[in-house]
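Single-letter residue listing:
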Amino acid sequence: MKAKSIKGYCRLAACLMLVFSLAIHGDQDVSKQQLLLNALTNLKQGSMAEREQAIIQLADNGSSSLTILQALLDGQLFILKSDDSLVIGADNNQGYDIRDAITGTAKGAVERTDVGKINLTNKLRASLRKIIGQLQLSSDDPAIRLAAVKAMGNEEDESALAILKAREGVEKDETVKQAIKVVFLLKDMNSGDKALRINAIDALKEVNSLDVVNRLNAMVEKDEAGNFVESDIDIRNTAKAALININTRLQLYSSIETVFFGLSLGAVLVLAAIGLAITFGVMGVINMAHGELMMLGAYTTYVMQQLMPNNLAFSVLLSIPAAFVISALVGIAIERGIIRFLYGRPLETLLATFGVSLILQQSVRSIFSPLNRSVATPEWMSGSWQVNDFLSLTWNRFYILVFCLIVFVLLLQILKRTSLGLEVRAVAQNRNMAKAMGIPTSRVDAMTFGLGSGIAGVAGVALSQITNVGPNLGQAYIVDSFMVVVFGGVGNLWGTLVAGFVLGIANKFLEPFAGAVLAKILVLIFIILFIQKRPRGLFPQKGRAADS
Amino acid sequence: MNRISEKLRKLSIVGAMALLTVASGTVRAEDTIKVGVLHSLSGTMAISETTLKDTMLMLIDEQNKKGGLLGKKLEAVVVDPASNWPLFAEKARELLTKDKVAAIFGCWTSVSRKSVLPVIEELNGLLFYPVQYEGEESSKNVFYTGAAPNQQAIPAVDYLMNDLKVKRWVLAGTDYVYPRTTNKILEAYLKSKGVAKKDILINYTPFGHSDWQSIVADIKKFGSTGKKTAVVSTINGDANIPFYKELGNQGISAEKIPVIAFSVGEEELSGMDTKPLVGHLAAWNYFMSVDSTKNAAFIEKWHEYTKNPKRVTNDPMEAHYIGFNMWVKAVEKAGTTDPTAVQKAIIGVEYPNLTGGTSKMLPNHHISKPVLIGEIQDDGQLLTVWQTNTLVDGDAWSDFLPESKPIIADWTAPINCGNYNTKTKKCSGQNF
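Remember, it's a predicted structure, so these values are computed and weren't measured experimentally. (Residues numbered from 1 in each chain as written. Chains lettered and ligands numbered in written order. Predicted model: local features only at pLDDT ≥ 70, side-chain atom pairs only at ≥ 80, totals over all residues.)

K.L.:
Can you break down the overall build of chain A residue by residue, with the values?
P.N.:
Secondary structure summary: chain A contains 21 helices and 7 strands in total. Buried positions account for 39% of the 548 residues belonging to chain A. Here the analysis covers contacts within chain A between residues at least 6 apart in sequence; of these, 66% occur between residues at least 24 apart. (Helix = DSSP H or I, 4+ residues; strand = E, 2+ residues; numbered from the N terminus. Buried ≥ 20, exposed ≤ 12 C-beta atoms within 10 Å, placed from the backbone. Contact = placed C-beta atoms within 7 Å.)

Now the structure itself:
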């Protein structure tokens, strides 16, 4: 099984030598022009190895090639089939808006089939990133410069280090400067000079960098024969002391991370459960179709994205009210059509709503196909917030956490401050008395159910950003939702919030020790035992309302 | 427009099936050779298996256009086991006793195959199984046209080890039989190659797992030691999308920690947002993107048959293509559809596969296949980055598990056994 790529490496080496020798000898203008043309042809038709050559040649051309290389990395570099020229295309959902890759002049819009994309492999992508890093080291944006330094930092390549050294002198941004310093300190750590090494270790112990941790760990390790990798005892001790220093910080950040994971899982649970807390908790309706109402919300997001493909971010925001309205209307229809005939008969309600859930699932299957639909994540929700090397928080989870809290506060305000809220609470406390006071209870029932369903739809929008949008989406969350509501205490919104976060955090703290499967089981066992002890949940309703 | 034509297509298939069943009532049984198609058309597995049913109908249709088999027309008998494992056994019995089919093409999950096995052996039927699986099985009545572990998992690990210089390994899988067995084999294989225990991280998650934060954070930490790390993923179905999304969000790119998947193919990719997947790897025996005349012709026929130029082809489809044609050749060679005769005749039968080689049915009822490794592109296609120079023979019993190392399967005389111990020289019968 001889691999094909060895040949590629040889070619790469040969071409590197070629580029190098050309750079040394004169005739730069002529050969450069020629090289550039060759490079572009190779980029178009060449094999992967030839493309790699071409990229290096383009990089040699300096920053003017940056747009082409960046487009190549982003998968936006195409060959226009009609005239075989290189173009950069921006997706406009019907096809691409293209412009010439070399001159940059716009060439209008084309169909998807009119252009052929230039493919990349991981090896090419890695070298592209490195080259772009070098070219971007003088960019105006400190964040780009920082990324460039990080991309170059792992290099053993002397020329790259020389470029970095030069940059350090003129760099004004503190973070970037620090990053460059770390690169050189790491290099010092491997030097032959003992004093320099100890100084470097001392300086590095205050730095939050995984590279540093790895290097230090390697220093205090023993090899297979039982001897220390690092022979000098002073250096070993300094390294050990530095590691202790760093590890305390590492521990702290990793617990912060776990808490964040727990909160974000909790936020998803709360979002899924809070609609149910109203329909089940306040109204006492066991709504098995609750998950499918969330599914409708997720599909609304999908449809909204199909309707306005050019504005992803806006379409997600607009999906929130749309999903609320659609799910609420479906909820009201369910209440008016089925549930209102079944008040006080929980078993029948359960069966009837289960039937509704099957109907909703199957209709989605028939309309949208049984396959999962792909919902794109807007730019501002992807990626993560890199606090430092030890801690990064993913944006989508962060926004969902914030979103969950906003929804919770809004809901609380609706129940507390609006007349609908007052009526809902009155009916929940004592239906007959409320009726006697002139509250139209059946209308309130419908509105309450609609509110709960609408919230479920809004939760579906959030779920569409983290999981599959498919007919089975609801089923995955229905059990968890009931669990949270029952654990928190039926009829208490605060209980739902606390229960969701507690379960999320407990799950995430158990997971590293027990594994995902066992953690789930342990949490479930805990809830069963808890309910045995306190059947009304964390925050039981007190007073007369609870007894009725 | 597309949806309408899709519906029309479905309608026409239903119509054709109805016609077929009506026709089968009037035409005498001897006039046609019946072929059973046992794939779920409803339930959770319908996503994957419906395509294979269409593939079989296309292959049978094509054979009939060529004049049928032994002078008779072929007739498809399609049943729906509805992703319900015991129902697979019932439907298989129905196909063999009531419809008297000459061969069955079907099953996807290992558990459905295990459920059909006793029936097929009792009634001496033939089953062609087209999906990659965990091995450790060889039945007289089953032909495994998908990949055994040594035709997918082991070469994939070889590629990562030799070409990408991977030193640390994460084996992540869904918690059921295929990932568990595959990971057991891979762990033993890695250890035999000198990988230390601390450099292997094994992780199992429930079906449909959607909260990957801590696991991905663990993988990130595991991969940050400076040694090249890769993830070997046997994660199944729906759990893949949140997994890759989380990888992307936590900033793990394919260049830093590549993920190689054994269950993600063109069909699965067509329903995913491919942005976070670009550059990750998949190992199969066939890619739609393979540039060969046979493949181009197959894709064209598929598009023509389904009347949808966007339909993708995938690895299990190719397995059915090879399996069906091998069966046709074996029947022609034997001159009869009698299962015992076909079982004898099919061993050694060769048929060109779609990637340019010629696959052969081996005495252990597995076939020889090339192994391809591809990188996922953002159009949902896989770009071949590595492939074996020759075809790899499927091995029923893994050589890397101590308990199955001495065991071989050989359905030719004098051994004639699917579970033969070369040390004790004993055939221990079947092992379900």
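From this point on, the discussion continues.
K.L.:
With reference to specific residues and values, describe the overall build of chain B.
P.N.:
Assigned secondary structure in chain B consists of 12 helices and 19 strands. Here the C-alpha radius of gyration of chain B, 22 Å, is about what a compact globule of 432 residues would show, namely 22 Å. Across its three principal axes, chain B shows a C-alpha extent of roughly 70 × 65 × 40 Å. Of all intrachain contacts in chain B linking residues separated by at least 6 positions in sequence, the fraction that spans at least 24 positions is 68%. (Rg over C-alpha atoms; globule rule 2.2 N^0.38 Å.)

K.L.:
Run through the interface of chain A and chain B, naming residues and quoting values.
P.N.:
With 42 residues of chain A at the interface, the matching set in chain B holds 44 residues. Top element by residues in the side of chain A that touches chain B is helix α20 (residues 493-533) of chain A. It accounts for 7 residues. When grouped by side-chain class, the residues that make up the side of chain A that touches chain B number 15 nonpolar, 19 polar and 8 charged. (Nonpolar A, V, L, I, M, F, W, Y, C, P; charged D, E, K, R; others polar.)

K.L.:
How would you sum up the sheet that holds strand β17 (residues 407-410) of chain B? Please name residues and give values.
P.N.:
Residue and element names in this part refer to chain B. Here we have 3 strands laid out as an open sheet, ordered β17-β18-β19, and antiparallel in their pairing. Looking along the sheet, the strands with just one partner apiece sit at the ends: β17 and β19 (426-427). Taken together, the 2 bridges between strand β18 (residues 417-421) and β19 define a ladder with antiparallel strand orientation. The residue bridging N421 from the neighbouring strand is K426, located in β19. (Pairing = 2+ DSSP bridges.)

K.L.:
Which residues make up the nonpolar core, and what are the values?
P.N.:
Within the largest apolar cluster, 127 residues are counted, with the highest numbers of intra-cluster contacts made by B:V35, B:V232 and B:I260. Looking at this core, the element that brings in the most residues is helix α11 (residues 315-334) of chain B, giving 10 residues. Counting contributing residues per domain, this core is built from domain 1 (2-148 + 291-371) and domain 2 (150-289 + 373-393) of chain B, each supplying no fewer than three. Filtering out sequence-adjacent residues up to four positions away, B:V232 remains in contact with B:A156, B:V157, B:W169, B:V170, B:L171, B:L186 and B:I260. The next biggest cluster of nonpolar side chains, apart from the first, holds 80 residues, and it includes A:A267, A:L360, A:A456 and A:F501. (Core = buried A, V, L, I, M, F, W, Y, C linked by C-beta atoms within 7 Å. Domains from an automatic or database assignment.)

K.L.:
Give a description of the domain arrangement of chain B that names residues and reports values.
P.N.:
All names here are of chain B. Split into domains, chain B comes out as domain 1 (2-148 + 291-371) and domain 2 (150-289 + 373-393). Computed from C-alpha atoms alone, the centre-to-centre distance between domain 1 and domain 2 is 29 Å. Listed as interface residues are 24 residues of domain 1 and, on the opposing side, 23 residues of domain 2. For the side of domain 1 that touches domain 2, the secondary structure elements donating two or more residues are α2 (46-65), α11 and β13 (368-369). Class assignment of the residues belonging to the side of domain 1 that touches domain 2 gives a composition of 9 nonpolar, 10 polar and 5 charged.

K.L.:
I'd like to hear about helix α19 (residues 473-488) of chain A, residue by residue, with values.
P.N.:
Residue and element names in this part refer to chain A. The terminal C-alpha atoms of α19, which comprises 16 residues, lie 23 Å apart, in line with the 22 Å expected from a rise of 1.5 Å per residue. α19 sits mainly inside the fold: 12 of its 16 residues count as buried. By the burial criterion, the buried members of α19 are L473, G474, A476, Y477, I478, S481, M483, V484, V485, V486, F487 and G488. On its buried side, α19 packs onto α11 (233-282), α12 (290-307), α14 (346-368), α18 (441-464) and α20. Once α19 ends, the next one or two residues include G489, with phi positive near 110 degrees. (Expected span 1.5 Å × (residues − 1).)

K.L.:
Summarise the sheet that holds strand β14 (residues 372-376) of chain B; cite the residues concerned and give the values.
P.N.:
Residue and element names in this part refer to chain B. As summarised here, the arrangement of the 7 strands in space is β7-β6-β8-β9-β10-β14-β15, forming an open sheet in which the pairing is mixed. Here the strands that pair on one side only, and so sit at the sheet edges, are β7 (200-205) and β15 (382-387). Direction aside, the axes of adjacent strands within the sheet are offset by 25 degrees on average. As judged from the 6 bridges shared by strand β6 (residues 168-174) and strand β8 (residues 229-234), these two strands associate in the parallel manner. (Axes fitted to C-alpha atoms, helices over the stretch in contact; angles between N-to-C directions.)

K.L.:
Now, about the packing of helix α16 (residues 419-429) of chain A against α18(A): what can you tell me, with residues and values included?
P.N.:
Residue and element names in this part refer to chain A. Packing of α16 against α18 brings their axes to within 10 Å, and their N-to-C directions diverge by 110 degrees. Comparing their axes, α18 and α16 come out roughly perpendicular. On the side of α16, the interface is formed by L420, E423, V424 and V427, while α18 contributes T441, V444, M447 and T448. Considering only residue class, the contact of α16 with α18 consists of 5 nonpolar, 2 polar and 1 charged. (Parallel < 35°, antiparallel > 145°, perpendicular 65-115°, else oblique.)

K.L.:
Residue-level account of the domain arrangement of chain A, with values.
P.N.:
Taken as a whole, chain A is organised into domain 1 (5-124), domain 2 (137-231) and domain 3 (265-376 + 391-515). Each of domain 2 of chain A and domain 3 of chain A has a C-alpha centre, and the two are 50 Å apart.

K.L.:
Now, about the pairing of strand β4 (residues 106-111) of chain A: what can you tell me, with residues and values included?
P.N.:
Residues and elements named next belong to chain A. Pairing between strand β3 (residues 95-100) and β4: 5 bridges, direction antiparallel. Its bridge partner lying in β4, I98 is registered against G108. Taking the residues that link successive antiparallel strands as the turn, the β3-β4 hairpin has 5 residues, and the phi of G104 there is positive, at about 85 degrees.

K.L.:
Explain the pairing of strand β3 (residues 103-106) of chain B to me, using residue names and the numbers behind them.
P.N.:
Residue and element names in this part refer to chain B. Of the two faces of β3, the one lined by A103 and F105 and the one lined by I104 and G106 are each fully buried. Relative to β3, strand β1 (residues 32-38) runs parallel, the two being bridged by 4 bridges. Note that in β3 the partner of G36 across the bridge is I104. Relative to strand β4 (residues 127-129), β3 runs parallel, the two being bridged by 2 bridges. If you follow F105 over to β4, its bridge partner there is F128. Of the crossover connections in this fold, the one passing from β3 over helix α4 (residues 110-122) to the parallel β4 is right-handed. (Right-handed = clockwise from strand over helix to strand, strands pointing away.)

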